[in-house]
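# Coordinate analysis (summary)
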Amino acid sequence: MKTGPTFGDAEKILQAPAPEIHCSECNTAEYLTMESIQALSAKKDGWMAVDYSCGNCESYYAHDVSVEAVMAFTGVHLPGVGASG
């Protein structure tokens with residue numbers, strides 16, 4: 001007998017790591033060019049929409065990532081973001 005998703009399944013999904021900015025074909029961020037970084041149209045605190053491409057394999061990506069992932073990729077720190085206390 002098949003059953004639907006359980007609470008444990010939902011918990012695993014919620015605990016999945018946030019998507020990173022990287023090329024899944026090349027398995028690196030070394031060749032990436034950020035095309036755009038935008039606020040999400042449906043406000044979601046701490047998240048942004050990014051579009052980027054890989055100069056090595058020419059893959060293109062567009063997805064939501066955490067603000068911290070954008071800061072790590074760009075090397076730009078936004079005051080008050082990711083700060084504790």
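Residues numbered from 1 in each chain as written. Predicted model: local features only at pLDDT ≥ 70, side-chain atom pairs only at ≥ 80, totals over all residues. Heavy atoms only, no water.

Spatially, E1-E2-E3 is the arrangement adopted by the three strands of the open sheet, whose pairing is antiparallel. Each edge of the open sheet is held by one strand with a lone partner, namely strand E1 (32-39) and strand E3 (60-66). Going from strand to strand, the sheet's axes swing by 25° on average, the running direction of each strand aside. As paired elements, E1 and strand E2 (residues 47-54) share seven bridges and run antiparallel to each other. Its bridge partner lying in E2, Ala 39 is registered against Met 48. (Pairing = 2+ DSSP bridges. Helix = DSSP H or I, 4+ residues; strand = E, 2+ residues; numbered from the N terminus. Axes fitted to C-alpha atoms, helices over the stretch in contact; angles between N-to-C directions.)

Judged by nonpolar contacts, the single largest core of 14 residues is most densely connected at Ile 21, Leu 32, Val 50, Tyr 52, Val 65 and Val 70. Counting residues per element, the ones that place at least two in this core are E1, E2, E3 and helix H2 (67-74). (Core = buried A, V, L, I, M, F, W, Y, C linked by side-chain atoms within 4.5 Å. Buried < 20%, exposed > 50% of the residue type's maximum accessible area, 1.4 Å probe, protein only.)

Another aspect to go through is unusual backbone geometry. What is expected of a backbone is that most residues other than glycine have negative phi and most peptide bonds are trans. At Asn 27, a position not held by glycine, the phi torsion is positive, near 60°. Tracing the backbone through its elements, the reader meets Asn 27 in the loop between helix H1 (7-14) and E1. Phi is positive for Glu 58, close to 70°, though the residue is something other than glycine. By secondary structure assignment, the location of Glu 58 is in the loop between E2 and E3.

This model, assessed by the stated rule, comprises one aromatic pair. Here the aromatic rings of Tyr 52 and Tyr 61 are separated by 5.2 Å at their centres, their planes lie at 25°, and the arrangement is stacked. Across the pair, exposure class does not vary: Tyr 52 and Tyr 61 are buried alike. Above the plane of the ring of Trp 47 lies Lys 44, whose end atom (NZ or CZ) is 4.6 Å from the centre. (Phe/Tyr/Trp six-rings, centres within 6.5 Å; stacked < 30°, edge-to-face > 60°. Lys NZ or Arg CZ within 6 Å of the ring centre and 35° of its normal.)

So, about the environment of Gly 46. Looking at where Gly 46 falls in the secondary structure, it is placed in the loop between E1 and E2. Residue classification places Gly 46 among the partly exposed residues on the basis of a relative accessible area of 37%. Sequence separation between Gly 46 and Val 67 is 21 residues, and the spatial gap between their C-alpha atoms is 5.4 Å. Setting aside residues up to four positions removed in sequence, Gly 46 forms contacts with Val 65, Ser 66, Val 67 and Glu 68. (Contact = heavy atoms within 4.5 Å.)

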